[in-house]
Amino acid sequence: MSVWQNLSEKTVYENPWFRVNLADVELPDGRHLDHFLIRQRPVALATAVNADDEVLLLWRHRFITDSWGWEMAAGVVEDGEDIEAAAAREMEEETGWRPGVLQHLMTVEPSNGLADARHHLYWSEQATYIGHPADDFESSRREWVPLKQVPALIARGEVPAANMAAGLLMLHHLRAS
């Protein structure tokens, strides 16, 4: 069995959202490797699908990759916060829509060769509009997009984030079944 052993870690940078650590890793053949890794808080994501089979998405720019794309509302889980409650909070803050009962869609590790982040995706079959989103700076617009268009959006690169693409494809599959 080929297992890498993390023998020790030291923090080289830290802020409220993540830590960058340097690990002393022992490879299966006994050699050692210095490996940087990022320790992150869990991330909660949420969306809703309405009676017309449209999914609530945000159109936003990501400055890091200088790319635009459709995304679900998302954010870090605060200390002591329930993951599902964080997903509902993020959806409300970023879209202005309060989800109904949330259902767990999937949990993914978007970059497990570099970071320990786990992204927890949820969805609801209903949502109530409560007003303009508090965090409207998070996106250029919020729209109900026909769920049947999701595979084509992904194929055209309009959902560049892997966690979003995986979740939306799973949601498309569940609703088509």
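Here goes a summary of the coordinates provided. Chains are numbered independently. Their residues run from 1 in the order of the written sequence. Whole-chain, interface and lining totals are the exception, using all residues; otherwise, since this is a predicted model, local features are given only for residues with pLDDT of at least 70 and side-chain atom pairs are given and counted only at 80 or more. Computation of side-chain values covers all heavy atoms of the structure but excludes hydrogens and water.

## Some remarks on unusual backbone geometry
- One non-glycine residue, aspartate 53, adopts positive backbone phi at about 60°.
- We call a residue buried when its accessible area falls under 20% of the maximum for its residue type, exposed when it is over 50%, and partly exposed in between, using a 1.4 Å probe and counting protein chains only. We classify aspartate 53 as partly exposed; its relative accessible area is 30%.
- In the Ramachandran plot, aspartate 66 falls in the positive-phi region, its phi being about 50° despite a non-glycine side chain.
- Labels follow the DSSP assignment, with helices taken as runs of H or I lasting at least four residues and strands as runs of E lasting at least two, numbered in each case from the N terminus. Here aspartate 66 is to be found in the loop between β5 (54–62) and β6 (67–71).

## Quick word on the sheet that holds strand β10 (residues 119–124)
- Whether two strands pair comes down to DSSP finding at least two bridges between them. Pairing is mixed across the open sheet formed by four strands, whose spatial order is β7-β4-β10-β9. Strands at the two margins of the open sheet, each flanked by one partner only, are β7 (73–76) and β9 (102–108). Going from strand to strand, the sheet's axes swing by 20° on average, the running direction of each strand aside.
- As paired strands, strand β4 (residues 43–48) and β10 are joined by six bridges and run parallel to one another. By the bridge assignment for β10, threonine 47 is matched with tryptophan 123. Comment: axis = line fitted to C-alpha atoms, over the contacting stretch for helices; angle = value between 0 and 180 degrees taken between N-to-C directions.

## Concerning the environment of glutamate 54
- Looking at the secondary structure, you find glutamate 54 in strand β5.
- Sequence spacing of glutamate 54 and glycine 30 is 24 residues, and the spatial spacing of their C-alpha atoms is 53 Å.
- Throughout, a residue-residue contact means that at least one pair of heavy atoms, one from each residue, lies within 4.5 Å. Excluding its chain neighbours within four sequence positions, the residues that come into contact with glutamate 54 are Ala48, Val49, Trp144, Val145, Pro146 and Leu147.
- N or O atoms within 3.5 Å of each other form a polar contact, as long as, within protein, one can give a hydrogen and the other can take it, and as long as residues adjacent in sequence are counted only when both atoms are side-chain atoms. Side chain to side chain, glutamate 54 and asparagine 50 meet in a polar contact 2.8 Å long.

## As for helix α1 (residues 83–95)
- In this analysis, the expected span of each helix is defined as 1.5 Å times one less than the number of residues it contains. End to end, α1 covers 18 Å across 13 residues, agreeing with the expected 18 Å (1.5 Å per residue, within 8%).
- Here α1 has its buried residues at Ala86, Ala87, Glu90, Met91, Glu94 and Thr95. Along α1, the residues classed as buried sweep out an arc of 135° about the axis, all on the same side.
- For α1, the capping residue at the N-terminal end is aspartate 82, with a side-chain oxygen 3.1 Å from the backbone nitrogen of glutamate 84.
- In the segment just after α1, glycine 96 is the residue with positive phi, at about 85°. Working definition: the arc comes from the directions between the helix axis and the C-beta atoms, pointing outward to the latter.

Take it as geometry only, folks, not as evidence of what the structure does.
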